[in-house]
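# Coordinate analysis (summary)
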Amino acid sequence: MKAFIKKSAIVLAACFGVLFLYANLRPASLTESLDPVHLKIFSLSAAPDAVRSESITTALRRTPGVTACSVNAAARTVSVTFHPAEGREEIITELIAAAGDLEVAEKTFPPTPVCPVPPLSALKNQLLNALKIF
Amino acid sequence: MKKSLFVFLLGFALLSVFNACDDDTKEVSYEIDPNSLYSRLGGINAISAVTDQFLANVAADNTINARFAATVADPFRLQVLRNNLIDQICEGAGGPCKYKGKTMAEAHQGMNITQDEFNALVGDLVAALDQFNVPEAEKNELLGILGPMQTDIVGK
């Protein structure tokens, strides 16, 4: 039993070592070399008029780190993609509130049973990102 | 006997790790045809910018945004979705990318996506392309590449 545990530990350590080397030495594809983005969806306390919608859009586009935004006045929804290294969610929330003169909260959704991106694909990505230190 | 079994298992484990990760980046070639749709769209940075706008449009679109809630909430799932979208557009346009995600039929199996939802998604993509002033010819060429995927997405 002891020998089995020892050998299993060696095999696991070898797997980890290979995975670590792979994560750090493999050439990143063109897409993987792009900076990652976060996407946040916000609910507005009221539907902004055209002037406020434009004001929110302009303010967001001027914000460092923001790569895209969309204001859906009828749905009282604003979405923002941003580089997490440059932009912060709290600042973006405050900015939308100030530009639209509205209360802003993160939008919540009821849970959906099926999603086009399986969690396992993300797990592999997460593992490689965690191991990549160089 | 025990030793050879151990060596076999170790070798198998190492091979498994290599094979599991083998699909990522091998065949990437950066030779780009200057007349390809990829070049005319403006390359990877332009496609990335359009994709971000497309994602933002989808996220603000109440017809379909609940479908993406779980993905949006997890940065790593979002990264997979974004990279898959960029790879799909880039590869379809003749660029040096390789789509590594599931087939459209597999990815949308059991989702029961309606024609209205698909149309909303296409509308969000068109709005993103329009925002970046993508010319009509390039826009139609790209939609012509992505359009046939509809049969694998709607009603699955």
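Here the structure is a predicted model, which means the values were calculated and not measured.

## Concerning the overall build of chain B
- Within chain B, the secondary structure is distributed over nine helices and zero strands.
- The linear arrangement of helices and strands in chain B, starting from the amino end, is α-α-α-α-α-α-α-α-α.
- Each of the 156 residues in chain B was classed as buried or not, and the buried ones make up 45%.
- Considering only residue pairs separated by 6 or more positions, chain B has 73% of its internal contacts joining residues 24 or more positions apart.
- Carbon and sulfur atoms provide 59% of the accessible area of chain B, an area that totals close to 7,800 Å².

## Some details on the sheet that holds strand 1 (residues 38-44) of chain A
- Here four strands make up an open sheet; going across it, the order is 2-3-1-4 (chain A) and the pairing antiparallel. For this open sheet the edge positions go to strand 2 (66-72) and strand 4 (104-106) of chain A, each flanked by a neighbour on one side alone. Taking the axes of each pair of neighbouring strands and ignoring which way they run, one obtains an average angle of 25° across the sheet.
- Of the strand pairs in this sheet, strand 1 of chain A and strand 4 of chain A are connected by three bridges, and their pairing is antiparallel. When the sheet's bridge partners are listed, Phe42 of chain A is paired in strand 4 of chain A with Glu106 of chain A.
- Each of strand 1, strand 2 and strand 3 (77-82) of chain A is contacted by helix 2 (residues 50-62) of chain A, which is oriented at about 170° to strand 2 of chain A, the strand it contacts most.
- Helix 3 (residues 43-60) of chain B contacts strand 1, strand 2 and strand 3 of chain A of the sheet and is inclined by roughly 30° relative to strand 2 of chain A.

Calculation notes
- Residues numbered from 1 in each chain as written.
- Chains lettered and ligands numbered in written order.
- Predicted model: local features only at pLDDT ≥ 70, side-chain atom pairs only at ≥ 80, totals over all residues.
- Heavy atoms only, no water.
- Helix = DSSP H or I, 4+ residues; strand = E, 2+ residues; numbered from the N terminus.
- Buried < 20%, exposed > 50% of the residue type's maximum accessible area, 1.4 Å probe, protein only.
- Contact = heavy atoms within 4.5 Å.
- Areas by Shrake-Rupley, 256 points an atom, 1.4 Å probe, with all protein chains shown as cover.
- Pairing = 2+ DSSP bridges.
- Axes fitted to C-alpha atoms, helices over the stretch in contact; angles between N-to-C directions.

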